[in-house]
Amino acid sequence: MPSSQDDPAAQDRTPADLVLASVRLPGGTKCRDVHLRGGHVLAITAGGERPDDFTAAGAQVLDLEGRFVIRGLWDEHVHMTQWALAANRTDLSGAASARAAVELVRSRVTAPGRGVDRTAEPAMTVVGAGFRDAVWGDVPSAEMLDDATRGVPTALISHDLHCVWLNSAAARRYGVELPADGLVREEPAFALTRELGKLPGEVVDGWVHAAGQEAAARGVVGVVDLEMTWNRDVWLRRIAGGFSSLRVDAGVYPEDLERAAAAAMRTGQMVDGGAGLLRVGPLKVLIDGSLNTRTAFCVDPYPHGGHGILTVSEAGLVALLGKAREAGFVPAVHAIGDGANRVALDAFAEAGTAGRIEHAQFVRQEDFARFGELGLTASVQPAHALDDRDAADANWAGRTDRAFPLRSLLDGGARLALGSDAPVAPLDPWVAMSAATARARNDGRGPWHPEQALTREEALLASTRGRGRIRPGDVADIAVLDADPLAAPDAEFAGMPVAATLVAGRFTFRGAGV
């Protein structure tokens, strides 16, 4: 894998005047030079030219040999700590059944890497992540997990973070009342997930640092982090400890809104004392569950019965939106089911404020135009359309023409913002953009509802906060690519080779040969 420059001191020595020479813009053939000064794009000129206001003496000229440059990429919805933790937990994403998941856990319990039998010393909890029970032919049970784990506390977190499968030993350890299927859902699951993440700060921060470097190597310059905690102080600690790979907009949850308001925080405010990386993000409000857990709030019932759950009433949501506006926060409302999206749209209309709807996975036909009328952003995760197509076909049968409806949202006037919801999907915007444009993977299944696809240009705009191309005056958040993102074959686009990434003109990733 290409090397990255991860020494903050070395990054700070990047010259104030830098020329990215012999680069092309997407879709173009002519080579140009991009001139950077003071962390901004000063000018874009024909190759070899210098703008009038540019100091040639001492400027570094980096010949990029015809590579392509774009605005740096943003992932608009991540859970950064959970993403880092998931990389260090037992991976259950490949389990095709409850029994297969149990067998993976059994091998982990009895031989965790070095052949140690954990049944003799069950002091720590075995944690797995990434299972998708919505598409399993069999069903989980506490008894099944107990049999495999033999008294070792075990907790398995679903890929969507909305449920946790526990054995009896873990239920006792964490004081959870265990149902017969062993699954705890929604708020109890969130609380347990937070508890499972209580590891030493230096350990988790190290994992987050590594995750940030990996994201930078994919052209990412910023994330909206919606970790379910008071996140400002966590990120201040990480940045003080040397984290410098990405910009972070750190979200706030309703239980902390008064605390944030008392600290005079508001969305968009810089809070890292000069490093220029940390800002206050949106106010995140969850009003329904998820598709995998069959708790997304829907107009029509699920095949197994029930409409899912609405965790915040419309009146309660209207009140929260009003408080957010008064405190200077942009609200970001989690709504997955078509019933939840209807409630969210009605609440935004009544509150008279704009904001974001997170996910918007299932929307009534009559509601698409309301996104544009209300000036809303649809913060969507295109990879979920491919991960969850079987679950959607099973639970929203006959209605999936409006599931993961990217084209319909865009045509309805919504501003699209692409993300991953990592760890639900990888923190890699190229995976998201590929899913948005191809609506298929290389698995022989063909595209799923290709009429909802975006163009490459639209996907890039939705991954660069509406900018896409580099322009003079921009902050120099830049990704350098080895292929044209508008012309590369689908497989190359999905795994786009990134040569370098810069944040404010400072290299956060520099591949071999750059």
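These figures come from a predicted structure and were not determined experimentally. (Residues numbered from 1 in each chain as written. Predicted model: local features only at pLDDT ≥ 70, side-chain atom pairs only at ≥ 80, totals over all residues. Heavy atoms only, no water.)

Along helix α4 (residues 142-149), the positions that sit buried rather than exposed are Ala142, Met144, Leu145, Ala148 and Thr149. The arc that holds every buried residue of α4, seen down its axis, measures 160°, which confines them to one face. Where the residues of α4 are buried, they touch α3 (98-110), β8 (154-158) and β9 (163-166). A positive backbone phi angle near 50° is found at arginine 150, which sits one or two residues after α4. (Buried < 20%, exposed > 50% of the residue type's maximum accessible area, 1.4 Å probe, protein only. Helix = DSSP H or I, 4+ residues; strand = E, 2+ residues; numbered from the N terminus. Arc of directions from axis to C-beta. Contact = heavy atoms within 4.5 Å.)

To continue, consider the pattern of salt bridges. Counting across every chain of the model gives 35 salt bridges. Aspartate 474 is the salt-bridge partner of arginine 71, the closest N and O atoms lying 3.5 Å from each other. Residue arginine 71 is found in strand β4 (residues 60-71), and its partner aspartate 474 is found in the loop between α17 (456-462) and β18 (478-481); the two are separated by 403 residues along the sequence. Take aspartate 474: its relative accessible area is 5%, and that puts it in the buried class. For arginine 106, the salt bridge goes to aspartate 147, with nearest N and O atoms at 3.6 Å. Here arginine 106, found in helix α3, pairs with aspartate 147, found in helix α4; they are 41 residues apart in sequence, far enough to count as distant. Each of Glu76, Asp249, Arg279, Arg356, Glu358 and Arg465 takes part in salt bridges that share partners, so that together they form one network. (Salt bridge = Lys/Arg side-chain N within 4 Å of Asp/Glu carboxyl O.)

The next thing to look at is empty space enclosed by the protein. Empty space among the atoms becomes apparent when a probe as large as a water molecule is rolled across them. In total, this model carries five cavities of 30 Å³ or more according to the counting rule given. Estimated volume of the largest cavity: approximately 290 Å³. Forming the boundary of the largest cavity are 25 residues, of which Asp160, Leu161, His162, Asp421 and Val424 lie nearest the centre. Within the residue set of the lining of the largest cavity, elements represented by two or more residues are α6 (186-196) and β13 (278-286). Ranked by the residues each element gives to the lining of the largest cavity, the list is headed by α6, at three residues. The residue makeup of the lining of the largest cavity, split by class, is seven nonpolar, twelve polar and six charged. Approximately 70 Å³ is the volume found for the second largest cavity. Contributing elements (two or more residues each) for the lining of the second largest cavity: α13 (383-387) and α15 (406-411). (1 Å grid on protein atoms, 1.4 Å probe; cavity = no way out; pocket = protein on both sides within 12 Å on 5 of 7 lines; lining within 4 Å. Points joined across faces, edges and corners; volume = space filled by probe spheres on them. Nonpolar A, V, L, I, M, F, W, Y, C, P; charged D, E, K, R; others polar.)

Our next topic: the sheet that holds strand β6 (residues 90-91). Across the sheet, which stays open at both edges, the five strands sit in the order β6-β7-β8-β9-β10 with mixed pairing between neighbours. The sheet terminates laterally at β6 and β10 (183-185), the two strands that pair on one side only. Relative to β8, strand β7 (residues 126-131) runs parallel, the two being bridged by five bridges. When the sheet's bridge partners are listed, valine 126 is paired in β8 with threonine 154. Its contacts with the sheet put α4 on β8 and β9, and the angle it makes with β9 is roughly 55°. (Pairing = 2+ DSSP bridges. Axes fitted to C-alpha atoms, helices over the stretch in contact; angles between N-to-C directions.)

Per-chain confidence: the chain averages 92 in pLDDT, with 93% of residues scoring 70 or above. This model gives residues 1-14 a pLDDT under 50, and the stretch forms 26 contacts once residues within four places in sequence are excluded. Low pLDDT, under 50, characterises residues 113-121; the predicted model gives this stretch 17 contacts beyond four residues in sequence or across chains. (pLDDT = per-residue confidence, 0-100.)

One open sheet holds the eight strands; their spatial order is β5-β11-β12-β13-β14-β15-β16-β17, and the pairing between them is parallel. Sheet topology places β5 (73-78) and β17 (415-418) at the edges, where each strand pairs with a single neighbour. Taken pair by pair, the neighbouring strands of this sheet meet at an average axis angle of 25°, ignoring direction.

A few words now on the packing of α3 against α4. It is the contact of α3 with α4, at a shortest axis distance of 8 Å, that shows an interaxial angle of 25°. In terms of their interaxial angle, α3 and α4 are classed as roughly parallel. Relative to α4, α3 is oriented so that their crossing is right-handed. Between α3 and α4, the residues in contact are Ala98, Arg99, Val102, Val105, Arg106 and Val109 and Met144, Leu145, Asp147, Ala148 and Thr149, respectively. The class makeup of the residues in the contact of α3 with α4 is seven nonpolar, one polar and three charged. (Parallel < 35°, antiparallel > 145°, perpendicular 65-115°, else oblique. Left-handed = near helix turned anticlockwise from the far one by under 90°.)

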